[in-house]
Amino acid sequence: MANLTSGFASLRCSGAMHADKGHMQASGLPFLSFRRCAQLDISRLGSMPRFICARSATVSQQHVRHRVSAIRASALSCFQDDTTKFFDFVVIGSGVAGLRYALEVSKYGSVAIITKAEPHESNTNYAQGGVSAVLCPSDSVESHMKDTIVAGAYLCDEETVRIVCTEGPERVKELIAMGASFDHGEDGRLHLAREGGHSHNRIVHSADMTGREIERALLQAVDNDDNISLFGHHFAIDLLTCQKNGEIHCYGVDSIDIETQKVVRFISKVTLLASGGVGHIYPTTTNPPVATGDGIAMSHRAQAVISNMEFVQFHPTALSDEGLPIKPTTKRENAFLITEAVRGDGGILYNQSMERFMPLYDDRAELAPRDVVARSIDDQLKKRGENYVLLDISHKPRDEILAHFPNIAAECLRYGLDITRQPIPVVPAAHYMCGGVRAGLQGETNVKGLYVAGEVACTGLHGANRLASNSLLEALVFARRAVQPSIDHMVDADAGASLAARWALPTLPSPSALRSGALSDIVARTRQTRTELQSVMWECVGIVRSTGRLKQAEWKIGDLESEWEEFLFRRGWTPTMVGIEACEMRNLFCCAKLVVKSALARRESRGLHFTEDFPYLEESRRKPTVIFPAAVQELTWSSKPLQRQLQCK
């Protein structure tokens, strides 16, 4: 698959903040119309954007003139056919990172946002808790940094942590200026909540639907921006890359228009990947159905560097349908999240005998970081042979509960549970990928012209475990930090138009191409394989791991993949053929293998990666796992890009 090492690479694990001991016990067990190619407003370039940038805060008049020329040229690209579209910037994903970035770069060129489902269907939309930021005089950047690094088991990149914690408050104020509405207290100030791992109240929120409110505000701004074209129901297949002077360059992406069942090619000077996480490699996840690891898998196939994939965060408290008075009639596509803020607001965890257990595992009890709480719940369930624990907030005033958690209260009431009087049945579920495509301080990757932001990226902020409500913050900060280098690259980039026809276009299956009944057989077999993969990941690569189970997962996944691919090709599938289920499956295989390979490489227990064979923190191993692109790609279909990499002059 790739060369894997444990090393610092460009994610600098600073030694300034570190554990005192080199060897210690690991802690505790429907609303937007899609634009056509819009007319571009060149006059908007008269003033420079107001934002903080890491290295380049000013732009010369000569560069501005270059940008105006680039935009005029891109305006001509509106005369494009149905299968190939040209833009200055292509954004893959419509969560907070992608939308925030698009709104900034649209001042300098044409932007296409391509998104897998409806524009609002993203992990952002399901984020309940909020955005962490230092907005209270009694709080400090240093305190937020310390909380982040402690939660991250001292694997965080300190420079990244400082940047995010310092720039975060301004990013939140920008959201408010754009129309995002957050809760305020009786004094008229922002109401700041507290969540596990935080030493201060610093969570800006909109009841228990913060992500939905942020998504609403950003999508409204995008809808009002004439330079942004939004392509819903477009599934990204593979990045388009070429090699020049020993470096890999990205010139866009191929996609499937799900509604028209056509392959659509997007050629761009800059590509931002903001496609979210990999939750659906597990059978139960809080992530929406779109989170199948597409961005990480595409990047790996494009030879981007991947880091820290062993650190899969399991949210401790997803709603357990099994414990509800009225059982749902159908299985949920994704688990319903019970936000961390419930515990931050005084919620207490009990086993089914109503015995409080968190103080037995950690002095911080319910306010311990997520990795500790998830392992503690997992331990209780295994010891007692139970399927869920109970989270009780009913001791708080009824009006306060309903004001803070209206969405949770309403969802539970649908199934006969009144959270103002009864405890909530909860169980851990896959929630967040702390690793991903390795990014520099401005969201850049080792692939020229490819930037990453949000959950798909590994910036070094989260280390071995994400601190609650730092994800939306990271997405906002890095979406803005990626803007200036993207603009600079756009100005200097070679035109990708001359390359567009050199990549063969993927093909969709047709009745003439496949044997009778083959397509339905392939879909059925793919769904079965997906379930089997998820089962292997939960049983062998879950909250508590061992070397034996990880190796078992490695060969089981390899066998599953080989059998599935053999079935496809025996039924008439070809290596250049694409379909939604098949492409998602190849991405799930790719990401599952990356997680297993990284987990096997980490011979210690740190943060979210707890292994029975190495149950201690080892200071000498306090460095990221890094998967470098291999000189020769694996021969499996999921590991190879559909398009051959061009040699560019």
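For clarity, every value in this text was computed on a predicted model and none was experimentally measured.

Colleague: Sorry if this is basic, but what is going on with the overall build of the chain here?
Modeller: Scanning the chain from N- to C-terminus turns up 17 helices and 24 strands. A total of 649 residues make up the chain; the buried ones form 63% of that total. Per element, the accessible surface of the chain, about 24,200 Å² overall, is 51% carbon and sulfur.

Colleague: What should I look at first to understand unusual backbone geometry in this one?
Modeller: Phi is positive for Tyr154, which is not a glycine, with a value near 65 degrees. Relative to the assigned elements, Tyr154 resides in the loop between α4 (141-151) and α5 (158-177). Notably, Gln303 is not glycine yet its phi reads approximately 75 degrees, a positive angle. For Gln303, the location among the structural elements is in the loop between α7 (294-301) and β12 (306-307).

Colleague: Sorry, what's going on with the packing of aromatic side chains here?
Modeller: The way to describe two aromatic rings as a pair is by their centre distance and the angle between their planes. On inspection of all chains with the given rule, the structure shows ten aromatic pairs. Both rings, one in Phe357 and one in Tyr361, keep their centres 6.3 Å apart while their planes meet at 90 degrees; by these two values the pair is edge-to-face. Residues Phe357 and Tyr361 agree in their burial class; the two are buried. Between Trp564 and Phe589 the ring centres are 5.8 Å apart and the planes differ by 45 degrees, which places this aromatic pair in the tilted class. Placement of Trp564 in helix α16 (residues 547-570) and of Phe589 in helix α17 (residues 580-601) is noted, with a sequence separation of 25 residues between them. Here Phe589 falls in the buried class, since its relative accessible area comes to 0%.

Colleague: Got a minute to help me understand the packing of α16 against α17 in this structure?
Modeller: Helix packing geometry: the angle between the two helix axes and the distance between the axes. Contact geometry for α16 and α17: axes closest at 10 Å, N-to-C directions at 160 degrees. One way to sum up the angle between α16 and α17 is to call them roughly antiparallel. Seen along the crossing, α16 lies across α17 with a hand that is left-handed. The residues of α17 that touch α16, namely those facing Thr547, Leu550, Lys551, Ala553, Glu554, Ile557, Leu560, Glu561, Trp564 and Leu568, are Ala582, Met585, Arg586, Phe589, Ala592, Lys593, Val596, Lys597, Ala599 and Leu600. For the contact of α16 with α17, the residue count by class is 13 nonpolar, one polar and six charged.

Colleague: Can you walk me through α7 in this structure?
Modeller: Within an α-helix, residues lying three or four positions from one another point in the same direction, as the helix has 3.6 residues per turn. Among the eight residues of α7, eight are classified as buried, and the element is accordingly described as predominantly covered. When α7 is considered as a whole, its buried residues turn out to be Asp294, Gly295, Ile296, Ala297, Met298, Ser299, His300 and Arg301. Following α7 by one or two positions, Gln303 has its phi on the positive side, about 75 degrees.

Colleague: Quick question: what am I supposed to make of the sheet that holds strand β5 (residues 131-132) here?
Modeller: The strands making up a sheet associate through hydrogen bonds between their backbones, and the pairing can be parallel or antiparallel. As summarised here, the arrangement of the three strands in space is β5-β7-β6, forming an open sheet in which the pairing is antiparallel. Looking at strand neighbours, the two that pair on one side only are β5 and β6 (192-193), the edges of this open sheet. In this structure, β6 lies alongside strand β7 (residues 203-204), joined through two bridges in antiparallel fashion. Residue Leu192 lies in a different strand from β7, and its bridge partner there is Val204.

Colleague: What is the right way to read the environment of His609 from this model?
Modeller: Considering the arrangement of structural elements, one finds His609 in the loop between α17 and β21 (610-611). With a relative accessible area of 0%, His609 lands in the buried category. Distance from His609 to Ile543, taken between C-alpha atoms, is 7.4 Å for residues 66 residues apart in sequence. Setting aside chain neighbours within four positions, we find His609 in contact with Glu310, Phe311, Arg545, Leu550, Ala599, Arg602 and Glu604.

Colleague: Is there a simple way to think about the sheet that holds strand β16 (residues 424-433) in this case?
Modeller: Read from one edge to the other, the open sheet built from four strands follows the order β13-β16-β15-β14, with strand pairing classed as antiparallel. Of all the strands in the sheet, the pair left with one neighbour each is β13 (312-319) and β14 (348-350). Averaged over all pairs of adjacent strands, the angle between strand axes in this sheet comes to 45 degrees, irrespective of strand direction. With respect to the sheet, helix α10 (residues 370-384) is in contact with β13, β14, β15 (389-392) and β16, its orientation differing from that of β13 by roughly 60 degrees.

Colleague: How should I be thinking about the pattern of salt bridges in this particular structure?
Modeller: Note that side chains of opposite charge can pair when their charged atoms are close. Inspection of every chain in the model, using the stated rule, returns 43 salt bridges. A salt bridge links Arg549 to Glu612; the shortest N-O distance between them is 3.5 Å. Taken as a pair, Arg549 in helix α16 and Glu612 in the loop between β21 and β22 (616-618) lie far apart in primary sequence, 63 residues in all. Judged by its relative accessible area of 25%, Arg549 falls in the partly exposed class. Through salt bridges with shared partners, one network takes in Arg100, Glu104, Lys107, Glu167, Arg171, Glu174, Arg480 and Arg481.

Colleague: Explain the pairing of strand β10 (residues 247-257) to me, please; I cannot follow it from the model alone.
Modeller: The side chains of a regular strand alternate between both faces of the sheet. Counting buried positions along β10 yields ten of eleven residues, so the element is predominantly enclosed. Pairing of strand β9 (residues 234-244) with β10 involves nine bridges; the strand directions are antiparallel. Bridge assignment links Leu239 to a residue of β10, and that residue is Val253. Across six bridges, β10 lies against strand β11 (residues 262-273) in antiparallel orientation. Bridging across to β11, Ser255 finds its partner in Val264.

Colleague: Which parts of the structure should I look at to understand helix α6 (residues 210-223)?
Modeller: Under the 1.5 Å per step criterion, the end-to-end length of α6 is 20 Å for 14 residues, consistent within 8% with the ideal 20 Å. Most of α6 sits inside the fold, with ten of its 14 residues counted as buried.

Colleague: Mind showing me how you'd approach the nonpolar core here?
Modeller: Generally speaking, soluble globular proteins have nonpolar side chains that are buried together. In this structure, Ile296 and Met537 are the most contacted members of the largest nonpolar core, which totals 77 residues. Considering every element that reaches this core, the biggest residue donor is α17, with 13 residues. The residues touching Ile296, leaving out its near neighbours within four places in the chain, are Val278, Ile306, Met309, Met433, Gly436, Val437, Val456, Cys591 and Leu594.

Colleague: What is the right way to read the confidence of the model for the chain from this model?
Modeller: Low pLDDT means the predicted coordinates in that region are not meant to be read closely. Considering every residue of the chain, the mean pLDDT works out to 85; 85% of them sit at 70 or more. This model gives residues 6-79 a pLDDT under 50, and the stretch forms 163 contacts once residues within four places in sequence are excluded.

Colleague: When you look at the packing of helix α2 (residues 96-105) against α6 in this model, what are you seeing that I'm missing?
Modeller: Remark: α2 packs on α6, axes separated minimally by 10 Å, with the N-to-C direction vectors making an angle of 30 degrees. Here α6 runs roughly parallel to α2, going by the angle between their axes. The two elements α2 and α6 cross, and the hand of that crossing is left-handed. Of the residues in α6, those in contact with Val96, Leu99, Arg100 and Leu103 of α2 are Ile214, Glu215, Leu218, Leu219, Ala221 and Val222. Considering only residue class, the contact of α2 with α6 consists of eight nonpolar, no polar and two charged.

Colleague: For this particular structure, what's the right way to read the environment of Ala439?
Modeller: Examined against the element boundaries, Ala439 turns out to sit in the loop between β17 (436-438) and β18 (450-452). For the pair Ala439 and Val456, spaced 17 residues apart in sequence, the C-alpha separation works out to 9.8 Å.

Colleague: Help me understand the state of the cysteines in this model?
Modeller: Two cysteines form a disulfide when their sulfur atoms are joined by a covalent bond. All chains considered together, the criterion is met by zero disulfides. Of all cysteine sulfurs, the one in Cys156 lies closest to Cys165, which takes part in no disulfide; the gap is 9.3 Å. Just so you know, Cys458 is unpaired, no disulfide at all, and the nearest cysteine sulfur is the one on Cys434, 8.4 Å from it. Classification of Cys458 by relative accessible area gives buried; the value is 1%.

Definitions and limits used
Residues numbered from 1 in each chain as written. Predicted model: local features only at pLDDT ≥ 70, side-chain atom pairs only at ≥ 80, totals over all residues. Heavy atoms only, no water. Helix = DSSP H or I, 4+ residues; strand = E, 2+ residues; numbered from the N terminus. Buried < 20%, exposed > 50% of the residue type's maximum accessible area, 1.4 Å probe, protein only. Areas by Shrake-Rupley, 256 points an atom, 1.4 Å probe, with all protein chains shown as cover. Phe/Tyr/Trp six-rings, centres within 6.5 Å; stacked < 30°, edge-to-face > 60°. Axes fitted to C-alpha atoms, helices over the stretch in contact; angles between N-to-C directions. Parallel < 35°, antiparallel > 145°, perpendicular 65-115°, else oblique. Left-handed = near helix turned anticlockwise from the far one by under 90°. Contact = heavy atoms within 4.5 Å. Nonpolar A, V, L, I, M, F, W, Y, C, P; charged D, E, K, R; others polar. Pairing = 2+ DSSP bridges. Salt bridge = Lys/Arg side-chain N within 4 Å of Asp/Glu carboxyl O. Expected span 1.5 Å × (residues − 1). Core = buried A, V, L, I, M, F, W, Y, C linked by side-chain atoms within 4.5 Å. pLDDT = per-residue confidence, 0-100. Disulfide = S-S within 2.5 Å.

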